[in-house]
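So you can see what is in the structure, the chains are spelled out below.
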Amino acid sequence: MTSSLLPTYARAKVSFERGEGAWLVARDGSRYLDFGAGIAVNSVGHGHPHLVAALTEQAQKVWHVSNLFEVPEAERLAQRLTEASFADVVFFANSGAEANEACIKMARKYHAAGGHPERYRIVTFEGAFHGRTLATIAAGGQQKYIEGFGPKVDGFDQVPFGDLEALKAAITPETAALMIEPIQGEGGLRVVPHEWLRTLRGLCDEHGLMLIMDEVQTGIGRTGRLFAHEWSGVTPDILSSAKGIGGGFPMGACLATSEAARGMTVGTHGTTFGGNPLAMAVGNAVLDIVLAPGFLDHVRQTGLLLKQRLAALKDRHPDVIDELRGEGLMTGLRLVVTNTDFAAAARDEHLLVIPAGDNVVRLLPPLTIGEDEVAAALDKLEAACAAMETRGRRAAE
């Protein structure tokens, strides 16, 4: 049967009908250990009873009223996010790309409000991924996402990852901001050194620029801190969050200091669905879990255990695994074999992992996993490595 869906995805031939914690159950009843979490979205696993209860309770009240009216659930979630972070204000959207659009507009508007509308350009870094809108594919700068969609949206200047001289040369009187992911997710789990983030903060202070952190994938506990930039001690001016913030319900957020947001006055930006009561109820439920005492400690401990087990796996299979990357429960394996082939081999073992750039597969499990799930995943990864080695020997014969 021909699908009526637009064929923009290379979908695996498996579909799921329910989830239980870190496990997904396919329509044929088989169980898969989910170390992809919907690309770092299902932050507290599948079917978490607290999220289900929050969504069900709110669904029986009101789903949507628009931002023409006050939304108490949004007020509460914004207050909790600001109390737990550097930010003073929050704008709620529906996705990471929308959150990044808000960040970009805010940085430009900051300068315009200060009498410098010519300062609109934003410096980004090669290998970045900031979304799929026309502006955010221009910000990311990857040709495979830009090609065929007409002239690239103006206002973005990419520099090589970690090249200080190129960065300094890219900063001009028209520059408004620097924008970076603390860990490049789609770009191959490349961790930005803390010293580099401190250098960016210094350059922003020196030149009067906004520092934008794209924490769509790294935020809401994924690395063992609420936001990954906290590890470096560097504070951004503007930050995007999405994916894990809704635990599976579509939502995004732009967080900022009051100073950075000075230009975002009534009518300058908006959204129909962003901040609706359903999303806000789930977002608050996610924070109930992630901000609970000991939860982030658990993420750090589990992440360390996973990294130790993966390091041993790498040592046992040097012809398959080249390098271990990441922080907390945002882990990547840079491979010797093709990453898509490895992801398929893992799926054959009923383990879900996510390919990324630089020939990496990402392990992005729910933050709620424990030692049992780590052990089960390592068994499945061991089998996938063995399968790839067998395939390599046969090809060489």
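Residues numbered from 1 in each chain as written. Predicted model: local features only at pLDDT ≥ 70, side-chain atom pairs only at ≥ 80, totals over all residues. Heavy atoms only, no water.

1. Here's the deal with a nonpolar patch on the surface
Stated precisely, the cut-off is as follows: Patch definition: residues above 30% relative accessible area lacking any salt bridge, with like charges linked at up to 9 Å and the nonpolar side chains Val, Leu, Ile, Met, Phe, Trp and Tyr linked at up to 5 Å. Note on areas: Shrake-Rupley, 1.4 Å probe, and residue coverage restricted to the protein chains presented here. Salt bridges are defined by distance alone: a side-chain nitrogen of Lys or Arg within 4 Å of a carboxyl oxygen of Asp or Glu. Put simply, DSSP marks the helices as runs of H or I at least four residues long and the strands as runs of E at least two long, and each gets a number from the N terminus on. Here the term buried applies to any residue with accessible area under 20% of the maximum for its type, exposed to any over 50%, and partly exposed to those in between, with areas from a 1.4 Å probe on protein chains only.
Residues L134, F149 and V153 make up a contiguous nonpolar surface patch of roughly 290 Å² in combined accessible area. Relative to the assigned elements, F149 resides in the loop between α6 (143-146) and β6 (156-159). Among the residues examined, F149 registers a relative accessible area of 56% and is labelled exposed.

2. Quick notes on the environment of T272
Heads up, the rule is: The contact criterion used throughout is that any non-hydrogen atoms of two residues lie within 4.5 Å.
Mapped onto the secondary structure, T272 falls in the loop between β12 (252-256) and α9 (277-290). Between the C-alpha atoms of T272 and L68, which are 204 residues apart in sequence, the distance is 9.2 Å. Not counting chain neighbours up to four residues away, the residues in contact with T272 comprise H64, S66 and N67.

3. Observations regarding helix α2 (residues 49-59)
We apply this condition: Here the arc refers to the directions that run from the helix axis out to each C-beta atom.
Those residues of α2 that fall on the buried side of the exposure criterion are L51, A54 and Q58. The buried residues of α2 occupy one face: seen down the axis, they fall within an arc of 65 degrees. Against the buried residues of α2 lie α3 (72-83) and α9.

4. Here's the deal with the UniProt feature "binding site: N(2)-acetyl-L-ornithine" (unreviewed entry) in the protein chain
Inclusion rule: UniProt positions are given in the numbering used here, feature names are shortened, and annotations may be inferred rather than shown by experiment.
Listed under "binding site: N(2)-acetyl-L-ornithine" (unreviewed entry) in the UniProt record, and renumbered for this structure, are R132 and T271. Residue placement: R132 occurs in the loop between β5 (121-125) and α5 (134-140). When residues no more than four places from it in sequence are discounted, the contact partners of R132 are A97, I137 and Y145. With respect to the helices and strands, the residue T271 is situated in the loop between β12 and α9. Of the residues examined, T271 reaches a relative accessible area of 22% and is grouped as partly exposed. Ignoring sequence-local partners within four residues, the contact set of T271 consists of N67, F91, F92, N94 and E98.

5. A word on the domain arrangement of the protein chain
Quoted interface sizes are often the accessible area lost when the parts come together. For the record, the criterion: Domain start and stop points were drawn from an automatic or database domain assignment. Here the quantity called buried area is the total loss of accessible area, with a 1.4 Å probe, experienced by two parts when brought into contact, counted for both. Classification convention: Asp, Glu, Lys, Arg as charged; Ala, Val, Leu, Ile, Met, Phe, Trp, Tyr, Cys, Pro as nonpolar; all other residues, Gly among them, as polar.
The domain boundaries assigned to the protein chain delineate domain 1 (16-34 + 306-396) and domain 2 (49-291). The straight-line distance from the C-alpha centre of domain 1 to that of domain 2 is 29 Å. At the junction of the two partners, domain 1 supplies 16 residues and domain 2 supplies 15 residues. Both sides together, the interface formed by domain 1 and domain 2 hides about 1,300 Å², and carbon and sulfur atoms give 62% of it. Scanning the region where domain 1 abuts domain 2 turns up one salt bridge. Put simply, E186 and R362 hold a salt bridge, and the shortest N to O gap is 3.4 Å. Contributions of two or more residues to the side of domain 1 that touches domain 2 are made by β13 (321-327), β14 (330-335) and β17 (360-363). Considering only residue class, the side of domain 1 that touches domain 2 consists of seven nonpolar, five polar and four charged.

6. Considering the pattern of salt bridges
Under the counting rule described, the total for this entry stands at 20 salt bridges. Among the salt bridges present, the one from R31 reaches E20, with a minimum N-O distance of 3.0 Å. Note that R31 is positioned in strand β3 (residues 31-34) and E20 in strand β1 (residues 16-20), a separation of 11 residues in sequence. Accessibility expressed as a relative area gives 37% for R31, which makes it partly exposed. On the basis of relative accessible area, E20 is assigned to the partly exposed category, the value being 36%.

7. With respect to the packing of helix α10 (residues 295-316) against helix α12 (residues 371-396)
Selection rule: Between the N-to-C directions of two axes lies an angle of 0 to 180 degrees, each axis being a line fitted to C-alpha atoms and, for a helix, fitted only over the stretch in contact. An angle below 35 degrees is treated as roughly parallel, one above 145 as roughly antiparallel, one from 65 to 115 as roughly perpendicular, and anything else as oblique. Whether a crossing is left-handed or right-handed is set by the direction in which the near helix is turned from the far one by less than a right angle, anticlockwise for left-handed and clockwise for right-handed.
Their axes nearest at 10 Å, the elements α10 and α12 cross at an angle of 20 degrees. With respect to their mutual orientation, α10 and α12 come out roughly parallel. For the element pair α10 and α12, the recorded crossing hand is right-handed. Contact residues: α10 offers T302, L305, L306, R309, L310, L313 and R316, while α12 offers E371, V374, A375, L378, L381, E382, C385 and E389.

8. A look at the nonpolar core
Note the cut-off: In this text, buried Ala, Val, Leu, Ile, Met, Phe, Trp, Tyr and Cys residues form a nonpolar core when linked through side-chain atoms within 4.5 Å.
Ranked by internal contacts, the top residues of the largest apolar core, which has 80 residues, are F35, F92, L167, L178, L200 and F342. For this core, the domains that each give at least three residues are domain 1 (16-34 + 306-396) and domain 2 (49-291). For L200, the contacting residues outside a window of four places in its chain are F125, L167, L178, I180 and L211. Core analysis: the next-biggest nonpolar cluster, separate from the first, contains 19 residues, I104, F156, A177 and C254 among them.

9. Topic: the sheet that holds β17
Spelled out, the test is: A pair of strands is treated as paired once DSSP finds two or more bridges between them.
If you trace the four strands from one edge of the open sheet to the other, you get β13-β14-β17-β16, paired in antiparallel fashion. Of all the strands in the sheet, just β13 and β16 (354-356) have a single pairing partner and so form its edges. Direction aside, the axes of adjacent strands within the sheet are offset by 30 degrees on average. Note: β14 against β17, four bridges, orientation antiparallel. Bridging across to β17, L333 finds its partner in V361. Across the sheet, α10 lies against β13, β14 and β17, angled at about 170 degrees from β13, the strand it touches most. Packed onto the sheet, helix α11 (residues 339-348) meets β14, β16 and β17 and runs at close to 175 degrees relative to β16.

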